[in-house]
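# Summary of the model geometry
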Amino acid sequence: MAAPYLQQPSFLLATLKADCVNKPFAQRCHDLETVIEEFPAKELHDIFPWLVESIFGSLDGIIVGWNLRCLQGRTNPTEYSVALDFLDPSGPMMKLVYKLQAEEYRYDFPVSYLPNSSITHHISPSNSAYFILVDTYLKCFLPTEGSVLPPPSSNPGGAIPSPTPRSPAVPFTSYGMHHTSLLKRHIAHQPSVNADPASQEIWRSETLLQIFVEMWLHHYSLEMYQKMQSPHVKESFKPTEEHVLVVRLLVKHLHTFSNSLKPEPLSPSAHSHTASPLEEFKRVVIPRFVQQKLYIFLQHCFGHWPLDASFRAVLEMWLSYLQPWRYAPEKPPQTAELLPRSVSEKWASFVQENLLMYTKLFVGFLNRTLRTDLVSPKNALMVFRVAKVFAQPNLAEMILKGEQLFLEPELVIPHRQHRLFMTPTLGGSFLSSWPPTITDASFKVKSHVYSLEGQDFQYKQMFGTEVRNLVLKLAQLICQAQQTAKSISDHSAETTASHSFFSWFKFTPSEMNGTGNDLDEIGQDSIKKTDEYLEKALEYLCQIFKLNEAQLTQMMMKCGTAQDENGKKQLPDCIESEDGLILTPLGRYQMINGLRRFDVQYQGDAELQPIRSYENATLVRLLYRLSSALNERFADRMDVLCSREDFVGRFCRYHLTNPHLVQKIRKQNKTKLTIVATKLHQLHQAGQMPQTDSFPLVKKIRLQACWINLWC
């Protein structure tokens, strides 16, 4: 939409707003591109806030925006392509940003307005326009090859003019504090025009990364995180699975970006003269910009995420961060493809400087796993994934070495005794001063731990006794889950034949037996996968923690004897007390997850036991009343028939009496007759013997045995 320069900005904005209603999406984007190309920054200044809202939505929710989270090429190919072109790093939107930035226009955007949407869409996030744009921007401003591309030119004959000189190397304020604006503080720290051209491009990479970290890893500091651990504090921040997936995309790209760092020259002096600002940025990007925020974010997810299979997204993001070697350019030799890839010693410094990411979060994962149902294939897969990652050759040794360095006593040397473990300035500009490299490995590990958890942190060793006991508990639960899965598999095989019969009546065998369980719907293939995952996980745990083979065998034998010859489970784990049996925490876990149960049987009248869920309650009550009425009306006749000693008597006794009830009544009769005989003997001794016809007890007791088994 070409327009003369004499138009007023208000009229231009009104025209663009009207076009949003009257014109199709592709035409609107084309008109916007024309306006951005032809109008000066002075007139574009007022339309920029409206354009941001029209694309990303308004803060009050009235304007929805382009809905980039749901826009996919498969469903809306035209709008998808137009949106990606318009928002591309070299597209019209970024041209507008550079145009306004060259004229020193600034816009306040409070950090408190950053989105944390909890709305879940039933689409694949990785195929949405939002994810594609994020990946494109990361590759453009954090390149693994070459340098950052220069800003696009809006003038036919040249580039956008550089910003006026500003004072460089001004450090940012504390990273955890709330700021009134993101872009303002970054623009204020751009390098001067006289600086190296490569340095001028670093601030764009830094700004992009800083904004992504602020949006996705939330904006609370270490102090806020420590306050959140209080049970009295309610935190409204609830990350979604989609949120975690985009953080994982960032983590994977940052590993690739850092691993593209050129090898250091042998001469330290040569390094100081040849290393470009982008190379230096690659060296410190993860520890300085991401590490603390990501650690707090993971801590929050591990402690607050529901105990279900959706935790897999958090798990994979965590494992991606723990394995930077997966994103290194070098590849393993082809001859060793079938063997587990050993973690090279060059990654020892990364493991040590991220010790809590490995150890404390592993303990958090153990505590979560001990509360989940490991018979579920998805939960079993998560245990397998973590165990497989930590069982990589040489990784456990690196973690153990890092713990030893942290626990190393601080030597009392004059130049070391007053050192403080300072939190790195994670929010500062890359161009500001950076502290000198610390060569003391022990001090680097201590600095990492105390900067993330504070000076008073009590470290729990991953290879210590307490965590080892947790691993043994997990191993025991794995054995029990394997036994449960085997029982389900055997039960499923036994009921296959009966299932076809009951399916005519829309009943399943579990419903007929009153033992319905979600695990019955797992299926044989899933049960097989569960067993494979758990078996390999147990093997990996033994490798990591050097578990005693004899102790493990005894544990497995104990789990194996948890079933008797009929395949029924033993009682839950209990302890004896004055009040009887009391469930232990393990026993409660066994009952909750269906691993064991008490053998509770109905001991009362079989005809009065509770009505089952698969029975028709009205029909049961009606038939019981009919049976009782027949018993009362024909009791004498049935008693006569059952008293006969011929074939008719035997036939009636077989069909008209309940064998279990007869046995019970005979036992009751024997007891009552013993009481009567004792009473008669006492009366005889006292000379008060009554008439024998006063005791028609035998006849009355016998009548109780007459039941119609057909109706019961």
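Residues numbered from 1 in each chain as written. Predicted model: local features only at pLDDT ≥ 70, side-chain atom pairs only at ≥ 80, totals over all residues. Heavy atoms only, no water.

## Remarks on the overall build of the protein chain
The criterion, for reference: Strands here mean DSSP runs of E at least two residues long; helices mean DSSP runs of H or I at least four residues long; both are numbered from the N terminus. Note on classification: 1.4 Å probe, protein chains only; a residue is buried when its accessible area is under 20% of the maximum for its type, exposed when over 50%, partly exposed between these limits. Contact definition: two residues touch when any of their heavy atoms are within 4.5 Å.
If you tally the helices and strands in the protein chain, you get 30 helices and two strands. Taken over 712 residues, the protein chain has a buried fraction of 43%. Pairs at least 24 residues apart make up 77% of the contacts formed inside the protein chain by residues separated by at least 6 positions.

## Some remarks on the pairing of strand β1 (residues 574–577)
Which entries qualify depends on this criterion: Paired strands are those between which DSSP finds at least two bridges.
Bridge analysis of β1 against strand β2 (residues 580–583) gives four bridges, and the strand direction is antiparallel. Bridge assignment links C574 to a residue of β2, and that residue is L583. Counting the residues that bridge the hairpin from β1 to β2 gives two residues.

## Here's the deal with the nonpolar core
Note on soluble globular proteins: their nonpolar side chains tend to be buried together. Selection rule: The set of buried Ala, Val, Leu, Ile, Met, Phe, Trp, Tyr and Cys residues whose side-chain atoms join them within 4.5 Å is what this entry labels a nonpolar core.
Among the nonpolar cores identified, the biggest contains 146 residues, and F86, L294, W318 and F390 are the most heavily contacted of them. In terms of residues, this core owes the most to one element, helix α13 (residues 277–304), which gives 13 residues. Setting aside residues no more than four positions away along its own chain, W318 makes contact with L298, F302, M357, Y358, L361, F362, F365, V386 and F390.

## A few points about unusual backbone geometry
Not every positive phi belongs to a glycine, and E104 is a case in point at roughly 65°. Relative to the helices and strands, E104 is located in the loop between α6 (92–102) and α7 (129–141). Residue classification places E104 among the partly exposed residues on the basis of a relative accessible area of 36%.

## Quick word on helix α18 (residues 395–407)
Rules: A helix's residues, less one, multiplied by 1.5 Å, set its expected span.
If you check α18, its first and last C-alpha atoms are 19 Å apart, about what 13 residues at 1.5 Å a residue would give, namely 18 Å. Those residues of α18 lying buried are L395, A396, M398, I399, G402, E403, L405 and F406.

## Concerning the packing of aromatic side chains
Threshold: Any Phe, Tyr or Trp ring, taking Trp's six-membered ring, that has another such ring centre within 6.5 Å forms a pair; planes under 30 degrees apart are called stacked, those over 60 apart edge-to-face, and the others tilted.
According to the stated counting rule, one finds 24 aromatic pairs in the structure shown. Between the aromatic rings of F212 and W216, the centroid separation amounts to 4.4 Å while the plane-to-plane angle is 25°, which identifies the pairing as stacked. Of this pair, F212 and W216 both sit in helix α9 (residues 197–216), separated by four residues, roughly a single helical turn. W216 sits in the buried class, given a relative accessible area of 5%. Seen in terms of ring centroids, F362 and F390 are 4.9 Å apart; in terms of plane orientation they differ by 50°. Their pairing is tilted. Taken as a pair, F362 in helix α16 (residues 355–369) and F390 in helix α17 (residues 377–390) lie far apart in primary sequence, 28 residues in all.

## Let's talk about a nonpolar patch on the surface
To be explicit about the condition: Nonpolar side chains (Val, Leu, Ile, Met, Phe, Trp, Tyr) within 5 Å and like charges within 9 Å form the patches, drawn only from residues with over 30% relative accessible area and no salt bridge. In these tables, accessible area is a Shrake-Rupley quantity obtained with a 1.4 Å probe, and a residue counts as shielded only by the protein chains included in the view. The rule for a salt bridge is simple: a side-chain nitrogen of Lys or Arg has to be within 4 Å of a carboxyl oxygen of Asp or Glu.
The grouping of L641, F647, V648 and F651 at the surface amounts to a nonpolar patch, some 360 Å² of accessible area in total. Structurally, the position occupied by V648 is in helix α28 (residues 647–656).

## Quick look at the packing of α16 against helix α19 (residues 441–453)
Rules: Axis definition: a line fitted to C-alpha atoms, limited for helices to the stretch in contact. Angles are taken between N-to-C directions and run from 0 to 180 degrees. For classification, angles of less than 35 degrees are called roughly parallel, those exceeding 145 degrees roughly antiparallel, those between 65 and 115 degrees roughly perpendicular, and all remaining angles oblique. When residues are grouped by polarity, Ala, Val, Leu, Ile, Met, Phe, Trp, Tyr, Cys and Pro land in nonpolar, Asp, Glu, Lys and Arg in charged, and all others, Gly among them, in polar.
Relative orientation of the contacting elements α16 and α19 amounts to 55°, with a least axis distance of 10 Å. The orientation of α16 with respect to α19, classified from their angle, is oblique. Two secondary-structure elements touch here, α16 through L355, L356 and K360 and α19 through V445, H448, V449, L452 and E453. Among the residues making up the contact of α16 with α19, the classes are represented as five nonpolar, one polar and two charged.

## With respect to the confidence of the model for the protein chain
Condition: pLDDT: the predictor's confidence for each residue, scored from 0 to 100.
Of all residues in the protein chain, 65% attain a pLDDT of 70 or more, and the chain-wide mean is 76. Under a pLDDT of 50 for its full length, residues 1–7 has, in the predicted model, 18 contacts with residues more than four places off or in other chains. Segment residues 412–438 is flagged for pLDDT under 50; beyond a separation of four residues in sequence, or across chains, it makes 55 contacts in the model.

## Remarks on the pattern of salt bridges
As a working rule, side chains carrying opposite charge can pair if their charged atoms are close by. Across all of its chains, the model carries 14 salt bridges by this definition. With a closest N to O distance of 3.9 Å, K23 and D19 form a salt bridge. Overall, K23 belongs to the partly exposed group, its relative accessible area being 27%. Its salt-bridge partner being E466, residue K460 comes within 3.3 Å of it at the nearest N-O pair. Among the ionic contacts, a cluster of salt bridges with common partners joins D19, K23 and D31.

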